[in-house]
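A structural walkthrough
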Amino acid sequence: MTRVGFLVLNEFTMIAFSSAIEVLRMANHISGKPLYSWCVISPDGQRVSSSNGLAPAQVCTYENAGPIDMLFVCGGTNVTCFVDDKVLTLLRRIAQDQIILGGLCTGTYALMKAGLLNGYRATIHWENLSALREAHTKVNFVEELFVIDRDRITCTGGIAPMDMMLAVVRERCGKTVVAEISEQFILDRVRDSKDRQHIPVAARMGCNHKGLVEVAALMEANIEEPLSLEELSQLAGLSQRHLQRMFRDALQVTPSHYYLELRLRRARELLLQTEMSITSITIACGFQSACHFSKCYRALFGKPPSGERRPQGNAAAAPRRKPVAHHQAA
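Every residue gets a number counted from 1 within its own chain, in the order that chain's sequence is written. Per-residue local features of the predicted model are confined to residues with pLDDT of at least 70, and side-chain atom pairs are confined, for both listing and counting, to 80 or more; whole-chain, interface and lining totals are unaffected and use all residues. As a convention, hydrogens and water are excluded, and side-chain values are obtained from all of the structure's heavy atoms.

In the annotation of an unreviewed UniProt entry, the chain is listed under the name Helix-turn-helix domain-containing protein and assigned to Aromatoleum toluolicum.

**A short note on the overall build of the chain**
The secondary structure content of the chain amounts to 14 helices and 8 strands. By the compact-globule yardstick of 20 Å for 330 residues, the chain fits well, its C-alpha radius of gyration being 22 Å. Considered along the principal axes of its C-alpha atoms, the chain spans approximately 65 × 45 × 35 Å. Burial analysis of the chain (330 residues in total) assigns 48% to the buried set. The contact rule is simple, with two residues in contact once any of their heavy atoms fall within 4.5 Å. In the chain, the share of contacts with a sequence separation of at least 24, taken over all contacts with a separation of at least 6, comes to 66%. Only carbon and sulfur atoms are counted for the fraction: they give 49% of the accessible area of the chain, which is about 16,300 Å². For the charge count, each Lys or Arg is scored as positive and each Asp or Glu as negative, with His and the chain ends excluded. Throughout, a charge is located at the NZ atom of Lys, the CZ atom of Arg, the CG atom of Asp or the CD atom of Glu. Each charge sign in the chain was given a centre, from 37 positive and 32 negative side chains, and these centres are 4 Å apart. By definition, any uninterrupted DSSP run of H or I lasting at least four residues is a helix, any uninterrupted run of E lasting at least two residues is a strand, and each is numbered from the N terminus. It is over C-alpha atoms that the radius of gyration is taken, and the globule rule equals 2.2 Å times the number of residues to the power 0.38. Each residue is placed in one exposure class: buried if its accessible area under a 1.4 Å probe, protein chains only, is under 20% of its type's maximum, exposed if it is over 50%, and partly exposed if it falls in between. Under the convention used here, a 1.4 Å probe and the Shrake-Rupley method define accessible areas, while residue burial counts only the protein chains that appear.

**Concerning unusual backbone geometry**
Its identity as a non-glycine residue notwithstanding, Glu11 has a phi of 65°, on the positive side. If you trace the backbone, Glu11 turns up in the loop between β1 (2-8) and α1 (14-31). Under the relative-accessibility criterion, Glu11 is labelled partly exposed at 32%. Positive phi outside glycine occurs at Ile186, with the angle close to 55°. Mapped onto the elements, Ile186 comes out in the loop between α7 (175-184) and α8 (201-205).

**Some points on the pairing of strand β4 (residues 100-104)**
Along β4, 4 of the 5 residues are buried, which leaves the element largely enclosed by surrounding structure. Each pair of strands is called paired provided DSSP finds at least two bridges between the two strands. Alignment of strand β3 (residues 70-74) against β4, held across 5 bridges, turns out to be parallel. Considered in β4, the bridge of Val73 is made with Gly103. Where β4 lies against strand β8 (residues 152-155), 3 bridges are found, and the strand directions are parallel. Paired with Gly102 across the two strands is Ile153, which belongs to β8.

**What about the pattern of salt bridges?**
Within this document, salt bridges are pairs made up of a side-chain nitrogen of Lys or Arg and a carboxyl oxygen of Asp or Glu, the two lying within 4 Å of each other. Applying the stated criterion across every chain yields a total of 11 salt bridges. Residue Arg191 pairs with Asp163 through a salt bridge whose shortest N-O separation is 2.7 Å. One end of the pair, Arg191, is in the loop between α7 and α8; the other, Asp163, is in helix α6 (residues 160-173), and 28 residues separate them in sequence. A salt bridge links Arg265 to Glu261; the nearest nitrogen and oxygen atoms lie 3.3 Å apart. Taken together, the residues Arg265 and Glu261, both in helix α12 (residues 255-273) and 4 residues apart, mark about one turn of the helix. Residue classification places Glu261 among the buried residues on the basis of a relative accessible area of 16%. Members of the salt-bridge network, linked through shared partners, are Asp192, Arg268, Lys303 and Glu308.

**With respect to the pairing of β3**
The buried count for β3 comes to 5 of 5 residues, which makes it a mostly enclosed element. Both faces of β3 are covered, namely the face carrying Met70, Phe72 and Cys74 and the face carrying Leu71 and Val73. Here 5 bridges tie β1 to β3, and the two strands are oriented parallel to one another. Note that in β3 the partner of Gly5 across the bridge is Leu71.

**Description of the nonpolar core**
What is meant by a nonpolar core is a set of buried Ala, Val, Leu, Ile, Met, Phe, Trp, Tyr and Cys residues, joined one to another through side-chain atoms within 4.5 Å. If you look at the biggest cluster of nonpolar residues, it comprises 40 residues, and the most contacted ones within it are Phe6, Phe17, Phe72, Leu104, Met165 and Val169. Contributing elements (two or more residues each) for this core: β1, α1, β2 (36-41), β3, β8, α6 and α7. A total of 9 residues in this core trace back to one element, the largest contributor, which is α1. In contact with Met165, not counting residues within four places along its chain, are Phe6, Ala20, Val23, Leu24 and Phe72.

**Re the sheet that holds β2**
Within a sheet, neighbouring strands are paired by backbone hydrogen bonds and run either parallel or antiparallel to one another. As summarised here, the arrangement of the 6 strands in space is β2-β1-β3-β4-β8-β7, forming an open sheet in which the pairing is mixed. With partners counted over all chains shown, the strands left at the sheet margins are β2 and β7 (146-149), one partner each. Direction aside, the axes of adjacent strands within the sheet are offset by 15° on average. Helix axes are fitted to C-alpha atoms over the stretch in contact, other axes to C-alpha atoms as well, and angles between N-to-C directions run from 0 to 180 degrees.

**Notes on the packing of aromatic side chains**
Classification of ring pairs rests on two measures: the distance between centres of Phe, Tyr or Trp rings, Trp counted by its six-membered ring, which must be within 6.5 Å, and the angle between planes, read as stacked under 30 degrees, edge-to-face over 60 and tilted in between. By the definition in use, this model includes 7 aromatic pairs. Considering the side-chain rings of Phe6 and Phe17, the 5.7 Å spacing of their centres and the 85° angle between planes classify their relative orientation as edge-to-face. Placement of the pair is Phe6 in strand β1 and Phe17 in helix α1, with a sequence separation of 11 residues. This pair shows no difference in class: Phe6 is buried, exactly as Phe17 is.

**With respect to the packing of α6 against α7**
Following both chains from N to C, one finds α6 and α7 inclined at 140°, their axes separated by 7 Å at the closest point. Taken together, the axes of α6 and α7 lie oblique to each other. Here Leu166, Val169, Arg170 and Cys173 of α6 lie close against α7, whose contacting residues are Lys175, Val177, Val178 and Ile181. For the contact of α6 with α7, the per-class residue count stands at 6 nonpolar, no polar and 2 charged. Oblique is the label for any angle not under 35 degrees, not over 145, and not in the 65 to 115 range, which are roughly parallel, roughly antiparallel and roughly perpendicular in turn. By the convention adopted, Pro, Cys, Tyr, Trp, Phe, Met, Ile, Leu, Val and Ala count as nonpolar, Lys, Arg, Asp and Glu as charged, and the other residues, Gly among them, as polar.

Listed below in structure tokens is the structure:
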């Protein structure tokens, strides 16, 4: 049995917490074996309310929790108010016990504050991402939904902890069990570590880059027929040189590179979530030839477009949704 602890901080996000636990519960149910057990821990052993006012009924201290194989810190919107010296000391002690540590939603902040993510790749909810990137350079913060880096597991918020925990379960139980769990939860597909959290353009660029936000929105609204740099410049009322400089200074990429990656990530969404043919997706994402599309796709994702649709033995085996209309940015 793998024993998992959840260290809840005041006003922790319930959806992230419950999404992670439910995967463990369903893994036990489907396998018919007690593969996982879990407990809820608070710094002082007292009940802690989540952001919606509900509180787990059974809570204990770390000392009384018994053997634990991995522990996830569960935070919420106001996590900085509740990560005090007592919490930091507790986390460092747990790390000394060589327990796998993880963060759900803003729980990553607590691990970072304790110095337990230095030299690691990690992720956190997009609202906190930019500020932490700038202030804490010892941690490699990335935009993925979740990151498993050696003995650290971090995740964004919402229902992303479900995808993360499914990845954890897959390592032990295999793809078939994960496919059955996804069917029980009516998941169209299980997202993986290559999936990025969706960050609103304005949040990604920041309020000081209004021109950049406008150009990025133009790109998102023109996927099927990409605009040229000259057209983007004219529509945004900026010179091409200024546009190039804005992307370089703010994002460390050229406008063309940003636009290409945007189109490729849209293509991956269509490959995984619809039954559109690769030819149709090639056209829908603004590529002139399937050969060029495949080459660019492989360069970014490490596999050709056809590789995304080969049976994987996991949630990919579940029925895919019918094609849906994608709303373009205004």
